[in-house]
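Chain by chain, the residues:
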Amino acid sequence: MNHLKPAETLDALMKAAELKASMPPKRIIIFGIFAGVYIAFAGAGANMASFNLLANPETFGLGKILSGTIFTVGLMLVVLGGAELFTGNTTMIAAVAEKRITASSMLKNWIIVYICNFIGGVLIAFMVYYSGGLNAGNGLLGAMTVKIASGKVNLEFGQALVSGIMCNWLVCMAVWLSTGAQTTIGKVFSIFFPIWLFVTAGFEHSVANMFFIPAGIFASENELFVSLSGVSQDVLSNLNWSGMLINNLFPVTIGNIIGGSVCVAMGYYTALKSEK
């Protein structure tokens, strides 16, 4: 058998939640930082691959398609390599509903993992900037980094919230499918297509934004990048740490929690456990 049935996948997901809830704090911290790093690496690679296409409105869609193919590697590293990703861990709520873990243990995991994902994302954002990687394309990569980050911190609350819901619905479907897959290649394909879809569609992922926005904040210190980006000072005024937290991470995180915990975990739990 190459794939678990839905009810078996749900049980496997809840068993994974039990392991996450009982994981030693040191391991959660290290694995949380690793996940932030892996997603950031994927974001850096995706931007490098697609910045020229994204800069042109006529090829923007192609740029998103290419970006999505690269970004999928991030979740593959998390799932296959072993790491703790906040967005994927929102599915732990099914185990809470089944009373296999406590709500407090789930929330503890979420909080620690979220903070550690943030540390990993900012670390790689700084390293990419400091290494000079954003100078690619005579500064056009840096300019696109500023433009992407500026767009994210200027979303309306409702836009960011709904985009976050759709994003983590797909991310947690990748987690769901890869949990059910019984072979490595099956897990790879289970991750690839849902993640490719969410990136191509342009949905908002809180942990990915822990790289994209800090990278844009660092890049905005470079006058050449800002000039090439064409971003107005009004839009640029929100590209700072408070703008990231209030205008993007806050609503996107709420949306990600709804998408993963309600739409995926509790959706399948209700459908599969309602007659238990």
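None of the values given here were measured: they were computed from a predicted structure.

Colleague: With reference to specific residues and values, describe the overall build of the protein.
Modeller: Across its full length, the protein holds 13 helices and 0 strands. Written out in order from the N terminus, the α and β elements of the protein read α-α-α-α-α-α-α-α-α-α-α-α-α. For 276 residues, the compact-globule estimate of 2.2 N^0.38 gives 19 Å, and the C-alpha radius of gyration of the protein, at 18 Å, lies within 12% of that figure. Seen through its principal axes, the protein has C-alpha atoms that stretch 60 × 35 × 35 Å. Burial statistics for the protein: of 276 residues in total, 50% are counted as buried. For the protein, long-range pairs separated by at least 24 residues make up 85% of all intrachain contacts whose partners lie at least 6 apart in sequence. Of the roughly 12,200 Å² that the protein leaves accessible, carbon and sulfur atoms contribute 67%. Taking the 14 positively charged and 12 negatively charged side chains of the protein as two groups, their mean positions are separated by 13 Å.

Colleague: Mind laying out helix α6 (residues 103–130), listing which residues take part and the relevant values?
Modeller: With 28 residues, α6 extends 40 Å from end C-alpha to end C-alpha; this agrees with the ideal 40 Å at 1.5 Å per step. A positive phi of about 85° marks G132, the residue just after α6.

Colleague: An account of a nonpolar patch on the surface is requested, with residue identities and associated values reported.
Modeller: On the surface, L107, I111, I115 and I119 cluster together to form a nonpolar patch covering roughly 360 Å² of accessible area. Relative to the helices and strands, L107 is located in helix α6. L107 gets classed as partly exposed once you look at its relative accessible area, which sits at 41%.

Colleague: I'd like a description of the packing of α6 against helix α10 (residues 206–219), backed by residues and values.
Modeller: One way to put it is that α6 packs onto α10 with a least axis distance of 8 Å and a crossing angle of 35°. Two packed elements cross with a definite hand, and for α6 against α10 that hand is right-handed. Residues Y114, N117, F118, G121, V122, I124, A125, F126, V128 and Y129 of α6 touch α10, and the partners they reach there are S206, V207, M210, F211, P214, A215, F218 and A219. In the contact of α6 with α10, the residues fall into 15 nonpolar, 3 polar and no charged.

Colleague: An account of the environment of S50 is needed here, citing residue identities and associated values.
Modeller: Relative to the helices and strands, S50 is located in helix α2 (residues 25–54). In contact with S50, not counting residues within four places along its chain, are G63, L66 and S67. There is a polar contact of 2.7 Å between the side chain of S50 and the backbone oxygen of A46.

Colleague: Please set out the packing of aromatic side chains residue by residue, giving values where relevant.
Modeller: Applying the stated criterion across every chain yields a total of 17 aromatic pairs. Ring geometry for F86 versus Y114: centroids 4.9 Å apart, planes at 85°, classification edge-to-face. With F86 in helix α4 (residues 86–89) and Y114 in helix α6, this residue pair connects regions lying 28 residues apart in the sequence. The burial state of F86 is the same as that of Y114; both residues are buried.

Colleague: Tell me about the pattern of salt bridges, and please be specific about residues and values.
Modeller: For the structure on display, the rule yields 5 salt bridges. The closest approach of N and O atoms between R100 and D11, which form a salt bridge, is 2.9 Å. In this pair, R100 is assigned in the loop between α5 (93–97) and α6 and D11 in helix α1 (residues 6–21), connecting sequence segments 89 residues apart. Ionic pairing is found between E18 and R100, a salt bridge with its closest N-O pair at 3.0 Å. Highlighted residues: E18 in helix α1 and R100 in the loop between α5 and α6, separated in sequence by 82 residues.

Colleague: Give me the nonpolar core: which residues, what numbers.
Modeller: General note: in soluble globular proteins, nonpolar side chains tend to be found buried as a group. In terms of nonpolar packing, the biggest core is built from 78 residues, with F71, V78, I195, F198, F211 and L239 touching the most fellow members. The element that contributes the greatest number of residues to this core is α2, accounting for 11 residues. Residues contacting F198, with those up to four places away along its chain left out, are F71, C167, L170, V171, F203 and H205.

Colleague: Break down the packing of α1 against helix α13 (residues 241–273) for me, citing the residues and quoting the values.
Modeller: Relative to each other, α1 and α13 sit at 125°, their axes nearing to 10 Å. Between α1 and α13, the crossing angle belongs to the class labelled oblique. Here the hand of the crossing between α1 and α13 comes out left-handed. Every residue of α13 that contacts α1 at P6, A7, L10 and M14 is listed here: Y268, Y269, L272 and K273. Split by residue class, the contact of α1 with α13 holds 7 nonpolar, no polar and 1 charged.

Colleague: How would you summarise the side chain of S190 if you had to cite specific residues and measurements?
Modeller: Mapping S190 onto the fold places it in helix α9 (residues 184–201). Owing to a relative accessible area of 11%, S190 belongs among the buried residues under this scheme. Polar side-chain contacts of S190 include one of 2.7 Å to the backbone oxygen of G186. Excluding residues within four positions of it along the chain, S190 makes contact with A174, L177, S178 and A181.

Reading guide: rules and limits
- Residues numbered from 1 in each chain as written.
- Predicted model: local features only at pLDDT ≥ 70, side-chain atom pairs only at ≥ 80, totals over all residues.
- Heavy atoms only, no water.
- Helix = DSSP H or I, 4+ residues; strand = E, 2+ residues; numbered from the N terminus.
- Rg over C-alpha atoms; globule rule 2.2 N^0.38 Å.
- Buried < 20%, exposed > 50% of the residue type's maximum accessible area, 1.4 Å probe, protein only.
- Contact = heavy atoms within 4.5 Å.
- Areas by Shrake-Rupley, 256 points an atom, 1.4 Å probe, with all protein chains shown as cover.
- Lys, Arg positive; Asp, Glu negative; His and termini not counted.
- Charge placed at Lys NZ, Arg CZ, Asp CG, Glu CD.
- Expected span 1.5 Å × (residues − 1).
- Patch = residues over 30% accessible without salt bridge, like charges linked within 9 Å, V, L, I, M, F, W, Y side chains within 5 Å.
- Salt bridge = Lys/Arg side-chain N within 4 Å of Asp/Glu carboxyl O.
- Axes fitted to C-alpha atoms, helices over the stretch in contact; angles between N-to-C directions.
- Left-handed = near helix turned anticlockwise from the far one by under 90°.
- Nonpolar A, V, L, I, M, F, W, Y, C, P; charged D, E, K, R; others polar.
- Polar contact = N/O pair within 3.5 Å; in protein donor to acceptor, adjacent residues only side chain to side chain.
- Phe/Tyr/Trp six-rings, centres within 6.5 Å; stacked < 30°, edge-to-face > 60°.
- Core = buried A, V, L, I, M, F, W, Y, C linked by side-chain atoms within 4.5 Å.
- Parallel < 35°, antiparallel > 145°, perpendicular 65-115°, else oblique.

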